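Results of the structural survey
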Amino acid sequence: MPNVINIQHISKSYEMGDQTVHALEDVSLRIDRGEYLAIMGPSGSGKSTLMNMLGCLDTPTSGLYQFNDANVSSMTDDDLARIRNKEIGFVFQTFNLLARSNTLHNVELPLIYAGIRKEERYRRALEALTHVGLEQRIHHKPNELSGGQRQRVAIARALVTKPSIILADEPTGNLDTKTGDEIMQLFGELHKEGHTIILVTHEEYIAEHAHRIIRLRDGRVEKDEVVIKQVKK
Amino acid sequence: MNLKYLLKESLNGFQKAQLSVVASIFSIALALVLIGGYIIAQTNLNNLVSTLRNKVELEVFLNNSETEYKLIKTSIINIDGVSSAIFISKKEAADIFKKEFGEDINTVLEFNPLPASFRVTLEREFKESNKTAIIASKIKLIPGVDDVVYRKKLLEFIDSRSKFLTSVSLGVGGMLLLVSFGFVVNTIRLAIAGKRKAIETMRLVGATNSFIRLPFIIEGIFQGIIGSTVALGIIILCFYIFSKFISSEISNIIFLPTTFVTLILGLGIFLGWFGSYFGVRRFLK
């Protein structure tokens, strides 16, 4: 399988007052197309920083980051925005939907930035919403939807540009167990369809849905293991 | 970039966040009323001072040797800083006396004691007490000149007060500008902070920084235009109410229509742009 992400010896440090905080130290990682991967670690382990790197929201202090063979480390802010727009679908714990826009407009948003014309946007947004079972809710605003439905909207938005990876940060963190399970089931289906999925979580039972688990501690990769058994339905 | 979308988003900002929009417009208007009021007060103060200065002229009285007046005039004109010297003969002095007091001095005293004189005006930059004093002393040295009289005390008073007033007013103006700018930028920044989540979402789904920034800036400029229009309305209203209570003889108030309107409008647009640019910038990295 060709790799989507290739990270070699990346480090990230921040200046906090007169102290330097090393959030990530010498992390190397390859993620292949079609993988279902979970990044785990306690708070302060560097998983949010790694997620920001993988999601092209930030660039490393040193080391190499290649996304689909393109060197991300040397990209401008606009280039990074284009990668986020076309290649990465984000799903967050807090859903990150535009509160005043309806479901359809929220899902269309990445396509607007990609410069896609109106009819095509509508067709693709409707297709993505149908995929997550929300075709009847296209004119509802986020506050008229349940938590699970909001997360489905976020997943539809993540899918609409047909990205190379879906990056999900604690996607069930704001949901009850039953709804969380449904969302994880949806991720499982997306993976079966061939999507590359990266989960960031601190919940063991959520990480168990993935086929590979990377454990971080103190900014370093502590363990990188392939989970043999397919857990839960 | 999708222009229609940008404009729609900018105008949407007005509808969606009415309270913060009103607050931003109000802050711009308030800042401009203060700055505008200050400019008007300052302009009129300067105007009053220069009117008073312009009234200052030197009266150069001659000995009773009218025949040499042409020579004396040349000597006066040649002094650096002298703008003009008008000769007033003994007869003309008597005419002026008659005009002012209603009686012919030749009849009252049976002779004309009034000396011939020059009325000397100075160039603008020489109308300061020390420079005027130097010119007066130079004129006094010219043969045939008896005495030089001018409103020395008035000039000294204007000089001492205007220096003090200029420094106070520069300080007040600077503070006013700084405080109003800070006030406007903070209000707009707070309004934009309310949309922090939306900005974060736009970043996530791949909007470039300029695409995110532009609607805020366009909205800021709109707010600037509305804010400055409101400010101009308030200033004009206050100005007319105020000028009714002040006698035009004392104040001779001026309003600077075109320059002033352009300045306030320009400042409003700049404030709106400046506030929104820096307000949104902190959420983009």
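Here the structure is a predicted model, which is why all the values come from computation and not from measurement. (Residues numbered from 1 in each chain as written. Chains lettered and ligands numbered in written order. Predicted model: local features only at pLDDT ≥ 70, side-chain atom pairs only at ≥ 80, totals over all residues.)

Scanning chain B from terminus to terminus reveals 11 helices and 4 strands. Against the 2.2 N^0.38 benchmark of 19 Å for 285 residues, chain B shows a C-alpha radius of gyration of 31 Å, more extended than a compact globule. Expressed as lengths along the three principal axes of its C-alpha atoms, the size of chain B is roughly 100 × 35 × 30 Å. In chain B, which comprises 285 residues, the share counted as buried stands at 26%. Long-range pairs, those at least 24 residues apart, make up 84% of the contacts in chain B with a sequence separation of at least 6. (Helix = DSSP H or I, 4+ residues; strand = E, 2+ residues; numbered from the N terminus. Rg over C-alpha atoms; globule rule 2.2 N^0.38 Å. Buried ≥ 20, exposed ≤ 12 C-beta atoms within 10 Å, placed from the backbone. Contact = placed C-beta atoms within 7 Å.)

Moving on, we get to the domain arrangement of chain B. What the domain assignment lists for chain B is domain 1 (3-52 + 158-281) and domain 2 (57-150). Measuring from the centre of the C-alpha atoms in domain 1 of chain B to the corresponding centre in domain 2 of chain B gives 52 Å. (Domains from an automatic or database assignment.)

What follows covers the interface of chain A and chain B. Each partner contributes to the interface: chain A provides 18 residues, whereas chain B provides 13 residues. Residue assignment for the side of chain A that touches chain B shows that the elements contributing at least two residues are α2 (77-87) and α3 (103-113) of chain A. Sort the elements by how many residues they give to the side of chain A that touches chain B and α2(A) lands first, with 7 residues. Tallied by class, residues from the side of chain A that touches chain B come to 8 nonpolar, 3 polar and 7 charged. (Nonpolar A, V, L, I, M, F, W, Y, C, P; charged D, E, K, R; others polar.)

Moving on to the sheet that holds strand β2 (residues 19-32) of chain A. Residue and element names in this part refer to chain A. The strand order β2-β1-β4-β5 describes an open sheet built from 4 strands, whose pairing is antiparallel. Each edge of the open sheet carries a strand with a single partner, namely β2 and β5 (70-71). As judged from the 10 bridges shared by strand β1 (residues 3-16) and β2, these two strands associate in the antiparallel manner. Its bridge partner being in β2, N6 is matched across the sheet by R30. (Pairing = 2+ DSSP bridges.)

Another point: the sheet that holds strand β8 (residues 196-201) of chain A. Residue and element names in this part refer to chain A. Taken together, 6 strands build an open sheet; the order of strands is β6-β7-β8-β3-β9-β10 and the sheet is mixed. The sheet terminates laterally at β6 (88-92) and β10 (220-226), the two strands that pair on one side only. For this sheet, the mean inter-axis angle between neighbouring strands, taken without regard to orientation, is 15°. In terms of strand pairing, strand β3 (residues 36-40) meets β8 through 5 bridges, oriented parallel. Bridge assignment links L37 to a residue of β8, and that residue is I198. Relative to the sheet, helix α6 (residues 177-192) contacts β3, β7 (165-169) and β8, its axis offset from that of β8 by approximately 150°. (Axes fitted to C-alpha atoms, helices over the stretch in contact; angles between N-to-C directions.)

Turning next to the pairing of β6(A). Residue and element names in this part refer to chain A. The buried fraction of β6 is high, at 5 of 5 residues. Of the two faces of β6, the one lined by I88, F90 and F92 and the one lined by G89 and V91 are each fully buried. Examined bridge by bridge, β6 and β7 share 5 bridges and lie parallel to one another. Bridge pairing links F92 to D169 in β7.

It is worth spelling out the environment of T229(B) at this point. Inspection of the secondary structure assignment puts T229(B) in helix α9 (residues 209-244). Taking the number of C-beta atoms within 10 Å as the measure of exposure, T229(B) has 17 and is therefore partly exposed.

Moving on, we come to the nonpolar core. L37(A), I39(A), A156(A), L167(A), I198(A), L199(A) and L32(B) are the most contacted members of the largest nonpolar core, which has 95 residues in total. With 8 residues, the top contributor of residues to this core is helix α2 (residues 18-54) of chain B. Sequence-distant contacts of L37(A), that is, excluding residues within four places in its chain, are made with I31(A), I198(A), L199(A), A210(A), R212(A) and I214(A). One finds V60(B), V82(B), F118(B) and L122(B) within the second-largest nonpolar core, a separate group that totals 15 residues. (Core = buried A, V, L, I, M, F, W, Y, C linked by C-beta atoms within 7 Å.)

Here the focus is the packing of α2(B) against helix α11 (residues 257-281) of chain B. Residues and elements named next belong to chain B. Look at α2 against α11: their axes get within 10 Å of each other, and the N-to-C directions meet at 145°. For the crossing formed where α2 meets α11, the hand is right-handed. Of the residues in α11, those touching α2 at I28, A31, L32, I35, G36 and I39 are F260, I264, L267, G268, L271 and G272. Counted by class, the contact of α2 with α11 contains 9 nonpolar, 3 polar and no charged residues. (Left-handed = near helix turned anticlockwise from the far one by under 90°.)

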